[in-house]
Amino acid sequence: MRFSPVLERMPLRPLRCSWHTARMPRPTCPRCQRPLSRCLCALIPDLDSQTRVLILQHPSETAHALNTARLAALGLRNAELQIGEVFDQLSQWLALPGYRACLLFPGDEAIALQPCQADELPLLLVVPDGTWRKARKLLHLNPLLAALPRVSLSAAPTSRYRLRKAPEAGALSTIEAVVSALETVEAPASFQALLRPFDALIDGQIAAMGEHTYRRNHGG
Ligand SMILES: [Zn+2]
């Protein structure tokens, strides 16, 4: 973990106060939607992928300070972020010519992602973004989603997501799941650059809340 001397001297600020209940509206970057002083755009890459990534975000996630789905969509040319509960245009999105649609979602029926073969169409990887409960709700409200073939990550790395308590061991943030999926399907291509703004976001939040508070709340 990296702490700059300047940030170490900052007063302790609980996470909730600094990110959720600020009374004065602060100017935000229109692209990454971070406060302007913490804009992450310079760290967001511009990566190409054969796989198309369609992230369906539950509205409860959009205002969260750790909106990693947005960072993933901004850093990938062939990615799209849609926000909602019921997606009326889903059938059009899923029928995009030249792709095989599948849903990244764990479960008994999910098949572990494999490297895409040269004679196969590239994947249209649909990624629900939200808590497990909200993601399941998206599947329930959008039967087309639930009907898609399901894929899961075979060898997911340990999460670097140290701030939001994961509901179960092995759970990853949306951006980490996307990186892991793309690196499996398009091996040996690397998509690690996509994690740069994510790492900066996490480091910034830990610095803002203070190391002591972080260790107390997250056992780090
Ligand atoms: Zn920005």
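Counting starts from 1 at the beginning of each chain's written sequence and moves along it residue by residue. Local features in this predicted model are restricted to residues whose pLDDT is 70 or higher, and side-chain atom pairs enter the listing and the counts only when it is 80 or higher, whereas totals over whole chains, interfaces and linings include all residues.

Trainee: Before we go on, may I ask you to explain the overall build of the chain in this structure?
Mentor: For helices the rule is a DSSP run of H or I covering at least 4 residues; for strands it is a run of E covering at least 2, with both sets numbered from the N terminus onward. Helices and strands together make up the secondary structure of the chain, namely nine helices and six strands. With C-beta atoms placed from the backbone, a residue is buried if 20 or more other C-beta atoms are within 10 Å of its own, exposed if 12 or fewer are, and partly exposed between those counts. Expressed as a percentage of its 220 residues, the buried residues of the chain come to 31%. Here contacts are defined at the residue level, using C-beta atoms placed from the backbone and a cut-off of 7 Å between them. Summarising the internal contacts of the chain: among those between residues at least 6 apart in sequence, 71% fall at separations of at least 24.

Trainee: Would you mind showing me how to read the environment of L125 here?
Mentor: Note that L125 resides in strand β5 (residues 123-129). Residue classification places L125 among the buried residues on the basis of 25 C-beta atoms within 10 Å. What L125 contacts, discounting residues up to four positions off in sequence, is T51, R52, V53, C102, L104 and A181.

Trainee: What is the right way to look at helix α3 (residues 68-75) in this model?
Mentor: Of all the eight residues making up α3, seven are buried; the element is thus mostly covered by neighbouring parts of the structure. Within α3, burial applies to T68, A69, R70, L71, A72, A73 and G75. On its buried side, α3 packs onto β1 (52-57), β2 (79-83), β5, α7 (174-185) and α8 (196-209).

Trainee: I keep staring at the sheet that holds β5 and nothing clicks. Help me out?
Mentor: Two pairing modes exist for strands in a sheet, parallel and antiparallel, and in both the strands are linked by backbone hydrogen bonds. The rule for pairing is simple: two strands pair if DSSP sees at least two bridges between them. Sheet architecture is open: six strands sit in the order β2-β1-β5-β3-β6-β4, paired in parallel fashion. Edge positions in the sheet fall to β2 and β4 (111-112), since each of these pairs with one other strand and no more. Where strand β3 (residues 100-104) lies against strand β6 (residues 150-152), two bridges are found, and the strand directions are parallel. For L103, the partnering residue across the bridge sits in β6 and is R150. Angles shown run from 0 to 180 degrees and are taken between the N-to-C directions of axes, each axis being a line fitted to C-alpha atoms and, for helices, limited to the stretch in contact. In this fold α3 packs onto β1, β2 and β5, with an angle of close to 145° to the strand it touches most, β2.

Trainee: Before we go on, may I ask you to explain unusual backbone geometry in this structure?
Mentor: Comment: phi is negative for the bulk of residues other than glycine, and the bulk of peptide bonds are trans. A cis geometry characterises the amide bond from A187 onward to P188, with omega recorded as 5°. Within the secondary structure layout, P188 lies in the loop between α7 and α8. For Q33, which is not glycine, the phi torsion reads 60° and is therefore positive. Along the chain, the position of Q33 falls in the loop between α2 (15-19) and β1.

Trainee: For this particular structure, what's the right way to read α8?
Mentor: An α-helix turns once per 3.6 residues; consequently, residues spaced three or four apart project the same way. Helix length check: α8 (14 residues) gives 20 Å between terminal C-alpha atoms against 20 Å at 1.5 Å per residue, within 8%. Phi turns positive, to about 90°, at G210, one or two residues after α8. A helix is expected to reach a length of 1.5 Å times the quantity of its residues less one.

Trainee: How should I be thinking about the environment of C39 in this particular structure?
Mentor: Counting through the fold element by element, C39 comes out in the loop between α2 and β1. Judged by C-beta crowding, with 18 C-beta atoms within 10 Å, C39 ranks as partly exposed. Look past the residues within four positions of C39 in its chain and what remains in contact with it is C29, C32 and R34.

Trainee: For this particular structure, what's the right way to read the environment of S49?
Mentor: Within the secondary structure, S49 is located in the loop between α2 and β1. Judged by the 20 C-beta atoms lying within 10 Å of it, S49 falls in the buried class. Put simply, S49 and L182 are 133 residues apart on the chain and 7.9 Å apart in space, counted from C-alpha to C-alpha. For S49, the contacting residues outside a window of four places in its chain are L76, N78, L182 and E186.

Trainee: Looking at this structure, how should I read the pairing of β1?
Mentor: Side-chain positions along a regular strand alternate between the two faces of the sheet. For β1, the buried fraction is high: six of the six residues fall into the buried class. Along β1, one buried face is formed by R52, L54 and L56 and the opposite face, lined by V53, I55 and Q57, is buried too. Relative to β5, β1 is paired through six bridges, and the arrangement is parallel. Among the inter-strand pairings, R52 is bridged to a residue of β5, identified as L124. With strands facing away from the observer, any crossover in which the path from the first strand over the helix to the second runs clockwise is taken as right-handed. You can see the chain leave β1, run along α3 and come back into β2, and the turn it takes is right-handed.

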